[in-house]
Number of protein chains: 2
Amino acid sequence: MSSDLHTLTATEVLAKIKAGEATVEDYARSLLKRIDARDASVQAWAYLDPDYVIEQAKVLDAIPTSERGPLHGVAVAVKDVIYTKGMPTQFNSPIYASDAPEVDAGSIIVLRKAGALIFGKTTTTEFAAITDGPKTRNPHDPNRTPGGSSSGSGAAVGDFQAPIGLGTQTGGSTIRPGSYNGIYAFKPTWNSITREGQKIYSLILDTLGLYARSVADLELLADTFAIQDDSPPPTNFAVQGAKFAVMKTMVWPNIGAGGSAAMDKAVSLLRSYGSEVEEIELPDNLNNLPQWHATVLNSDGRTAFLPEYSVAKEKVAEQLVGHVENVSKISRKAQLEAFDNISAARPVVDELLGKYAAVLTPSVPDEAPLGIEKTGSAAFCLIWTALHTPVVNIPGFKGENGLPIGLSLVAPRYHDRKLLAVSKKVGEIFEAEGGWKRDLPDV
Amino acid sequence: MSSDLHTLTATEVLAKIKAGEATVEDYARSLLKRIDARDASVQAWAYLDPDYVIEQAKVLDAIPTSERGPLHGVAVAVKDVIYTKGMPTQFNSPIYASDAPEVDAGSIIVLRKAGALIFGKTTTTEFAAITDGPKTRNPHDPNRTPGGSSSGSGAAVGDFQAPIGLGTQTGGSTIRPGSYNGIYAFKPTWNSITREGQKIYSLILDTLGLYARSVADLELLADTFAIQDDSPPPTNFAVQGAKFAVMKTMVWPNIGAGGSAAMDKAVSLLRSYGSEVEEIELPDNLNNLPQWHATVLNSDGRTAFLPEYSVAKEKVAEQLVGHVENVSKISRKAQLEAFDNISAARPVVDELLGKYAAVLTPSVPDEAPLGIEKTGSAAFCLIWTALHTPVVNIPGFKGENGLPIGLSLVAPRYHDRKLLAVSKKVGEIFEAEGGWKRDLPDV
């Protein structure tokens, strides 16, 4: 029995531990066993010390039941751009190969206090800022990328090596691996969770992201991080009678056969369950959002990577050196216009999104591409990162090769809890009838 | 001779070290002697280890001259909300009383690589986020506040205990102590210097700030941090024939007799040197900028201090607990309106400011108030923090009690180098004829 604990969601394992049917140590050992069997193939971890994990689990088990937190014993896989006490933080950069600052990021402080078991550090692209993949492979097909930059957290959660993963998103680094690994991914409203202790690429774009295999788990995390809308979310949202919109966006030419088919199927499913679905587009004057995103990103990289460039330029990825040296010759005028144009777009897009239960849009062009050298396209994610809106990747569809494809639901800023409530019901439908099933990837 | 090294600016001491007339160790010992004589009165330091300072100075002296950086040996006082290897970082919070993570902030990495001598940590209000003063006293009058939240850095530079100080500004935390301590203070364009490793209060407001006793030193730092405008700054800006504006702003009712007299005198001086000075105001629809700033600040505090609140609410200042608990009942709608309204104001204000060599506006209402319990009013600073514009505090004036008063020059975003070039010439006039002289505060 306890050897299957690793297959549970966080919410499920919390119930077992609360009922006295499992200890945190049992649970940790089950996860470690799964990792032991699968790590040679998936390689999701940048740092994992089983002894440390067991030691922490025992500490949690020793806490009297009356003093246990709401995440008591829940294992969390942490992207290695987020500081953690007791574990090194290295950003997949040789510059930080021997660093292990004894400091917890703000998000980690909150999770630890809630009783989470900070399990290990997961792989990332260098500084979560480039698209050259780390060693990690897609758990559903080792010949394919798990996506990036939150490669390890996405793969670990997709492979039942952890129920919860922390990622980050500056372009598409949370949502894209969510889709490729067949899991739920939640990019909350920008700055609704503290980024203290999370490596900076772009202050105005970087967002902490969350992975889970159920929306209930994401809601538990949203509670833990005190994410609140102005109005309480619907307690029993019904797809029937709800009004959705579908948005292809200006980057639709990037879509693949799998993404396009998933969108069609999703619209059919929503309609078949009694929803109204209308197709909408962003106003034409926002067609340059992807270019504005790129301009802000590159300019912010000029500031963000100056320290590493100063210390060891030769150890920094060429793309990031290019940011610091401003090889694209982006003027301050162009930088500010992009920044200001995105700023002006946010309330406009909020108003548009606010007319619907949620807006459906692709997470990625298609299933995970072959190879682990590159982490795939972020084309469909980055506009929402710039707009600061919450996004949930809902799994359930599949591509030509049987790999998972997810779709995004989007809502206005600070409608995170409503979006989760809607995502829960939509996810039930997509997971049941979208065509892809989350089987435990083989040992 | 070498016993007076502490009186030099960074630019001056660099020349002496380069000429072989002083070693970094000589210089460090001169500063330590000054601190030893003055610390009982000023108390600028949160952490200072003379042995560590001398050890670092010796390391710098051992570097061959051909390999020395542009800041070789320049002592830097670091506000204790910025991570430093080899020194604790405690944010004036009992929660972090025993923490000393071995990590350098991005700004510190750049400064160390340039050869700076990271001297010690200076006092701050709790998390640079409240107005209850730390132990530090104004070097020009120990019965008065040095301002805050960058209390120690401002006082140390004002008292010749360090030539350069790092501060931060979310409301008025860099410019206000600049004025109270009679020094130059530079708040560069938001995000033009990395904030990696600097405690977060508000992502969209927090800005690293710089202190010095000359504009040449600020230019040296701007070079070090690769701050560049689109156009090279004027190499020999002339006050004569230049066009300035003076702006009282919507918060003018906060002005005191000293601030008002300084503004009048500054305008007279600029005119007497052949400048055109016209009085302008921000558009009426920006009158709520101070309220929007407060709304964003409080809302961002809700996110920023959740970790400390979770761990030890009883050790967090009441004001910050109030942010986390949202005692002001700020809705997400109000938060976003404030955020978006400020965003929309930025390009409008840039255009207005861009018509002038610089815009003159108060830094503070008056000279430093009596008492060290409170750090003074940030009323005149916070709108510029929200607008992301560069600001330089120029010393030179004085209040009724003989304490220094500075005035701010403001320019559009990313016109930092132009603003420094203008500030240099204006500063020469204000320092010579404004009425306040920077005497070495008595031992």
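Looking at an unreviewed UniProt entry, one finds chain A named Amidase domain-containing protein, with Cladosporium halotolerans as its source organism.

Examining the overall build of chain A
Each helix and strand counted, chain A has 14 helices and 11 strands in total. Oriented by its inertia axes, the alpha-carbon framework of chain A measures out at about 60 × 60 × 40 Å. Considering chain A as a whole, with its 443 residues, one finds that 66% of them fall into the buried category. Carbon and sulfur atoms form 49% of the exposed surface of chain A, whose accessible area is close to 14600 Å². Averaging the positions of the 42 positive and the 52 negative side-chain charges in chain A gives two centres separated by 1 Å.

A word on the interface of chain A and chain B
With 50 residues of chain A at the contact, the number on the chain B side is 50 residues. When the area that chain A buries against chain B is broken down by residue, the three leading residues are A:L203, A:R332 and A:Y414, summing to 15%. For the pair chain A and chain B, the interface holds 18 residue pairs in polar contact (both at pLDDT 80 or more). Listed by contribution, the elements that provide at least two residues to the side of chain A that touches chain B are α4 (106–113), α9 (289–304), α10 (306–312) and α12 (332–353) of chain A. Sort the elements by how many residues they give to the side of chain A that touches chain B and α12(A) lands first, with 10 residues. A breakdown of the residues in the side of chain A that touches chain B according to their chemical character gives 20 nonpolar, 13 polar and 17 charged.

Quick word on the packing of aromatic side chains
Under the criterion given, the structure shown has 22 aromatic pairs over all chains. Consider the rings of B:W252 and B:F380, whose centres lie 6.4 Å apart with planes at 75°: the pair is edge-to-face. Of the two residues, B:W252 sits in the loop between β7 (243–247) and α8 (257–272) while B:F380 sits in the loop between β9 (359–362) and α13 (382–387), which places them 128 residues apart along the sequence. Residue B:F380 is classed as buried on the basis of its relative accessible area of 2%. Pairwise contacts between aromatic rings join A:Y83, A:F91, A:Y96, A:F127, A:Y201 and A:F305 into one cluster. Sitting over the ring of A:F91, A:K199 keeps its end group 5.6 Å from the ring centre.

Notes on helix α3 (residues 50–61) of chain B
All names here are of chain B. With 12 residues, α3 extends 16 Å between its outermost C-alpha atoms, agreeing within 8% with the 16 Å of an ideal straight helix rising 1.5 Å per residue. If you check which residues of α3 are buried, you get Y52, V53, I54, Q56, A57 and L60. For α3, the elements touching its buried residues are α2 (24–42), α4 (106–113) and β3 (117–122). A distance of 3.0 Å separates the backbone nitrogen of D51 from a side-chain oxygen at the start of α3, and that oxygen is part of D49.

Notes on the side chain of A:E126
Residues and elements named next belong to chain A. Structurally, E126 is set in the loop between β3 (117–122) and α5 (151–158). Look at E126: it is buried, it has no salt bridge, and the nearest opposite charge is K199 at 9.3 Å. There is a polar contact of 3.0 Å between the side chain of E126 and the backbone nitrogen of A317. Among all residues touching E126, those that are not within four sequence positions of it are F91, N92, S93, K315, V316, A317 and L320.

What to know about the packing of helix α7 (residues 215–224) of chain A against helix α14 (residues 416–433) of chain A
Residues and elements named next belong to chain A. Running from N to C, α7 and α14 cross one another at 165°; their axes reach a closest spacing of 9 Å. By the angle between their directions, the pair α7 and α14 is classed as roughly antiparallel. In this structure, α7 crosses over α14, and the sense of that crossing is left-handed. Judged by residue contacts, V215, A216, L218, E219, A222 and D223 of α7 engage R417, L420, A421, S423 and K424 from α14. Among the residues forming the contact of α7 with α14, the class breakdown is six nonpolar, one polar and four charged.

Examining the relation of the copies chain A and chain B
Each of the two chain copies goes to the other by way of a rotation about an axis and a shift along it. Each copy of the sequence occupies a distinct position, and chain A is placed on chain B by a rotation of 180° and an axial shift of 0.0 Å, giving an RMSD of 0.0 Å. Taken together, these values place the two copies in the relation of a two-fold axis. Ranked by how close their C-alpha atoms come to the rotation axis, the residues of chain A are headed by A:P101, at 2.6 Å. With an isologous cut-off of 70% or more, the 100% of interface residues of chain A that recur at the interface of chain B puts this contact in the isologous class.

Description of the sheet that holds strand β8 (residues 276–280) of chain B
Residues and elements named next belong to chain B. Strand order in the open sheet made by the 11 strands is β1-β3-β2-β4-β6-β5-β10-β11-β9-β7-β8, with mixed pairing throughout. Whereas interior strands pair on both sides, the edge strands pair on one side only; in this sheet they are β1 (45–47) and β8. Between one strand axis and the next, the sheet turns through 35° on average, direction left out of account. One ladder, built from five bridges, connects strand β2 (residues 75–79) with β3; its direction is parallel.

Thoughts on the pattern of salt bridges
Applying the stated rule across the entire model yields 40 salt bridges over all chains. A salt bridge links B:D340 to A:R413, with the nearest nitrogen and oxygen atoms 2.6 Å apart. Residue B:D340 is located in helix α12 (residues 332–353), and its partner A:R413 is located in the loop between β11 (404–410) and α14; the two belong to separate chains. When sorted by exposure, B:D340 lands in the same class as A:R413, which is buried.

What about the UniProt feature "domain: Amidase" (unreviewed entry) in chain A?
The UniProt entry lists residues 29–420 of chain A under the feature "domain: Amidase" (unreviewed entry), expressed in the numbering used here. The span residues 29–420 of chain A shows a helical share of 35% and a strand share of 15%, and its end C-alpha atoms are spaced 31 Å apart.

Looking at the side chain of B:R195
When you line up the elements, B:R195 lands in the loop between β5 (184–187) and β6 (207–212). On the basis of relative accessible area, B:R195 is assigned to the buried category, the value being 4%. Looking at B:R195, its side chain comes within polar contact range of the side chain of B:D206, at 2.7 Å. Apart from the residues within four sequence positions on either side, B:R195 is in contact with A:I200, A:L203, B:I200, B:Y201, B:S202, B:L203 and B:D206.

Observations concerning the environment of A:H140
Residue and element names in this part refer to chain A. Here H140 is to be found in the loop between β3 and α5. Of the residues examined, H140 reaches a relative accessible area of 23% and is grouped as partly exposed. Sequence separation between H140 and A226 is 86 residues, and the spatial gap between their C-alpha atoms is 34 Å. In this structure, H140 is in contact with G158, Y180, N181, G182, L403, P404, W436 and P441, ignoring residues within four places of it in sequence. Engagement of the side chain of H140 in a polar contact is seen with the backbone oxygen of N181, the distance being 2.9 Å.

Focus: empty space enclosed by the protein
Evaluated as defined, the whole model comprises 12 cavities of 30 Å³ or more. Within this model, the largest cavity holds a volume of roughly 190 Å³. Lining of the largest cavity is provided by 21 residues; of these, A:Y83, A:G197, B:E196, B:G197 and B:Q198 occupy positions nearest its centre. Here the residues of the lining of the largest cavity sort into nine nonpolar, five polar and seven charged.

Focus: the pairing of β11(A)
Looking along a regular strand, one sees side chains alternate from face to face of the sheet. All names here are of chain A. Within β11, seven of the seven residues are buried, which leaves the element mostly enclosed by the surrounding structure. Note that strand β10 (residues 391–398) and β11 share six bridges and pair antiparallel. Residue I394 lies in a different strand from β11, and its bridge partner there is L407. Where β10 folds back on β11, the antiparallel hairpin that results is connected by five residues, among which G402 adopts a positive phi of roughly 85°.

Points about the pairing of strand β8 (residues 276–280) of chain A
Where strand β7 (residues 243–247) of chain A lies against β8(A), five bridges are found, and the strand directions are parallel. Residue pairing in the sheet places A:M247 in a bridge with A:I280 of β8(A).

Concerning the nonpolar core
If you look at the biggest cluster of nonpolar residues, it comprises 237 residues, and the most contacted ones within it are A:F244, A:L360, A:F430, B:F244, B:L360 and B:F430. Each residue touching B:F430, except ones within four places of it in the same chain, is listed here: B:A266, B:L269, B:L270, B:L360, B:I394, B:P395, B:G396, B:F397, B:L407 and B:G435.

So, how was this worked out
- Every chain is numbered on its own, with residues counted from 1 as its sequence reads.
- Labels are handed out in written order, letters beginning with A for the chains and numbers beginning with 1 for the ligands.
- Thresholds applied to this predicted model are a pLDDT of at least 70 for local features of residues and 80 or more for the giving and counting of side-chain atom pairs; totals over whole chains, interfaces and linings are not thresholded and use all residues.
- Heavy atoms from the whole structure form the basis of all side-chain values; hydrogens and water molecules are not counted.
- Here a strand is any run of E in DSSP of at least two residues, a helix any run of H or I of at least four, and the numbering for each starts at the N terminus.
- For the exposure calls, accessible area comes from a 1.4 Å probe over protein chains only, and a residue counts as buried if that area is under 20% of its type's maximum, exposed if over 50%, partly exposed in between.
- The method behind every accessible area is Shrake-Rupley, applied with a 1.4 Å probe, and residues are considered shielded solely by the protein chains displayed.
- Residues scored as charged are limited to Lys and Arg (positive) and Asp and Glu (negative), so that His and the chain ends carry no count.
- The atom standing in for a charge is NZ when the residue is Lys, CZ when it is Arg, CG when it is Asp and CD when it is Glu.
- We call two residues contacting when some pair of their heavy atoms lies within 4.5 Å.
- The term buried area refers to how much accessible surface (probe radius 1.4 Å) is lost by two components on association, counted for both of them together.
- As used in this structure description, the phrase polar contact means that two N or O atoms lie within 3.5 Å; if the pair is within protein, one of them must be able to donate a hydrogen and the other to accept it, and residues adjacent in sequence are counted only when both atoms belong to side chains.
- The classification used treats Ala, Val, Leu, Ile, Met, Phe, Trp, Tyr, Cys and Pro as nonpolar, Asp, Glu, Lys and Arg as charged, and all other residues, Gly among them, as polar.
- Here is the rule: rings of Phe, Tyr and Trp (six-membered ring for Trp) pair when centre to centre is within 6.5 Å. Planes less than 30 degrees apart are stacked, more than 60 are edge-to-face, and the remainder are tilted.
- The criterion for a charge sitting over a ring is simple: Lys NZ or Arg CZ within 6 Å of the ring centre, and within 35 degrees of the ring normal.
- To estimate how far a helix should reach, multiply one less than its number of residues by 1.5 Å.
- Salt bridge, as used here: a side-chain nitrogen of Lys or Arg that lies within 4 Å of a carboxyl oxygen of Asp or Glu.
- The convention used is that axes are lines fitted to C-alpha atoms, helices contributing only their stretch in contact, and that angles between N-to-C directions extend from 0 to 180 degrees.
- Comment on the angle field: the value is read as roughly parallel under 35 degrees, roughly antiparallel over 145, roughly perpendicular from 65 to 115, and oblique elsewhere.
- A clockwise turn of the near helix away from the far one marks a right-handed crossing, whereas an anticlockwise turn of less than a right angle marks a left-handed crossing.
- In superposing the copies, a least-squares fit is computed on C-alpha atoms, taking residues whose pLDDT is at least 70 in both.
- A pair of strands is labelled paired if DSSP reports no fewer than 2 bridges between them.
- UniProt positions are given in the numbering used here, feature names are shortened, and annotations may be inferred rather than shown by experiment.
- The definitions used throughout rest on a 1 Å grid laid over the protein atoms alone, on which a cavity is an enclosed set of points accommodating a 1.4 Å probe that cannot get out and a pocket is an open set flanked by protein within 12 Å on both sides along at least five of seven lines; lining residues are those having an atom within 4 Å of a point.
- Grid points are joined across faces, edges and corners, and a volume is the space filled by probe spheres set on the points.
- As used in this record, nonpolar core signifies buried Ala, Val, Leu, Ile, Met, Phe, Trp, Tyr and Cys residues forming a set joined through side-chain atoms within 4.5 Å.

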